[in-house]
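Here is how the chains run, residue by residue.
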Protein chains: 2
Amino acid sequence: MTEAPLRRQTRQRTAVAEALDSQEQFRSAQEIHDVVRHRGDSVGLTTVYRALQAMAEDGQVDVIVRDDGEAVYRQCSPSHHHHLVCRSCHTTIEIEAPSVETWATRISAEHGFRDVAHTIEVFGLCTKC
Amino acid sequence: MTEAPLRRQTRQRTAVAEALDSQEQFRSAQEIHDVVRHRGDSVGLTTVYRALQAMAEDGQVDVIVRDDGEAVYRQCSPSHHHHLVCRSCHTTIEIEAPSVETWATRISAEHGFRDVAHTIEVFGLCTKC
DNA sequence: CTTTGTGCAAAGGCTTTGCATGCTT
DNA sequence: AAGCATGCAAAGCCTTTGCACAAAG
């Protein structure tokens, strides 16, 4: 299986994790960097990128690559889920999709695919917007 | 409604369209540029980017933003569909997902979202890989 | 003739890398 | 002490933009 690549605990990683915790919506690495600084901690942008990548690899945070190619991160619930995102205010709602999971598994099997993963994001305008 | 932004027919746009036609898999703008050149046509990279964007806007081609942030294009069937992509050889199979469409519509409605669109891509290893 | 398209070079924006130094274990 | 982590600056990459010229309608 996938073994956790032994991360070392540092002031910087803690700061990034806390900054991420304080945010409700998906944030880019640079935004997290700003949040960290506003909270009074000082962490290099490079380190933020590396910390975020590490956390994503370890499955501690969710990553979405937006249409413009920028990667955004968010601390989410540990269980598998997807997102319903408002394209105007970016409010994000976690959604579950048991039927979709089933569908993905079935369609993959039908075509002989293994080790399947999927990306499902729903975008729209929320009530307020 | 969305009105088609009057495109002018040029040698370059035709070349890009043909290059795209000749490809089975998703290709990046730069790859399409190479294909065009190998076919003997000469088109600037910038123009390829602009042509691809225009075609995508007009719904003539499918675009996927890969995890690395690069946009890849492909000439697909006109109807709404999704993709099952091999993460090794990039073989792509078009799949339909009526149940998923229904689910997306329903879940969006439940949360009061309007103008909904969704992204669904399934990745795995195909039989050959 | 007017408007849109083309192309080159340069700029932009996000992300990664090289490398010397610092800190965790 | 040994090895991963940090940070700054620089480089990489894909993509977009400015601008003068060419081509389509």
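The rules behind each value
Residues numbered from 1 in each chain as written. Chains lettered and ligands numbered in written order. Predicted model: local features only at pLDDT ≥ 70, side-chain atom pairs only at ≥ 80, totals over all residues. Heavy atoms only, no water. Contact = heavy atoms within 4.5 Å. Buried area = accessible area lost by both parts, 1.4 Å probe. Salt bridge = Lys/Arg side-chain N within 4 Å of Asp/Glu carboxyl O. Polar contact = N/O pair within 3.5 Å; in protein donor to acceptor, adjacent residues only side chain to side chain. Nonpolar A, V, L, I, M, F, W, Y, C, P; charged D, E, K, R; others polar. Pairing = 2+ DSSP bridges. Helix = DSSP H or I, 4+ residues; strand = E, 2+ residues; numbered from the N terminus. Least-squares fit on C-alpha atoms with pLDDT ≥ 70 in both. Core = buried A, V, L, I, M, F, W, Y, C linked by side-chain atoms within 4.5 Å. Buried < 20%, exposed > 50% of the residue type's maximum accessible area, 1.4 Å probe, protein only. Domains from an automatic or database assignment.

Colleague: So what's going on with the interface of chain B and chain A? Which residues, and what values?
Modeller: With 35 residues of chain B at the contact, the number on the chain A side is 35 residues. In total, about 3,000 Å² of surface goes out of reach between chain B and chain A, with carbon and sulfur atoms giving 63% of it. Across the chain B-chain A interface, the total number found is zero salt bridges. Counting across the chain B and chain A interface gives twelve residue pairs in polar contact (both at pLDDT 80 or more). Taken together, the residues of the side of chain B that touches chain A sort by class into 19 nonpolar, nine polar and seven charged. With nine bridges connecting them, strand β6 (residues 114-125) of chain A and strand β6 (residues 114-125) of chain B associate as antiparallel partners. Considered in β6 of chain B, the bridge of Leu125 of chain A is made with Arg114 of chain B.

Colleague: Now, about the relation of the copies chain B and chain A: what can you tell me, with residues and values included?
Modeller: For the match of chain B to chain A, the screw axis carries a shift of 0.0 Å, the RMSD comes to 0.1 Å, and the turn is 180 degrees. Expressed as a symmetry operation, the mapping of one chain copy onto the other fits a two-fold axis.

Colleague: Kindly report on the nonpolar core, identifying the contributing residues and their values.
Modeller: Ranked by internal contacts, the top residues of the largest apolar core, which has 26 residues, are Ile95, Val100 and Trp103 of chain A together with Ile95, Val100 and Trp103 of chain B. Breaking this core down by element, the ones donating at least two residues are β4 (82-86), α4 (98-110) and β6 of chain A together with β4 (82-86), α4 (98-110) and β6 of chain B. The residues contacting Val100 of chain A, other than those within four sequence positions of it, are Ile120 of chain A together with Val100 and Trp103 of chain B.

Colleague: Account for the domain arrangement of chain A, with residues named and values stated.
Modeller: A common way to report how large an interface is uses the accessible area buried once the components associate. All names here are of chain A. Domain assignment breaks chain A into domain 1 (1-76) and domain 2 (79-129). Centre-to-centre separation of domain 1 and domain 2, based on C-alpha positions: 22 Å. Across the contact, six residues belong to domain 1 and seven residues belong to domain 2. For domain 1, the biggest contributors to the area lost against domain 2 are Gln25, Ile64 and Arg74; these three give 60% of the whole. For the pair domain 1 and domain 2, the interface holds one salt bridge. We note a salt bridge from Glu94 to Arg74, for which the minimum N-O separation is 3.7 Å. Between the two partners, domain 1 and domain 2, sit two residue pairs in polar contact (both at pLDDT 80 or more). Here the residues of the side of domain 1 that touches domain 2 are counted per class, giving three nonpolar, one polar and two charged.

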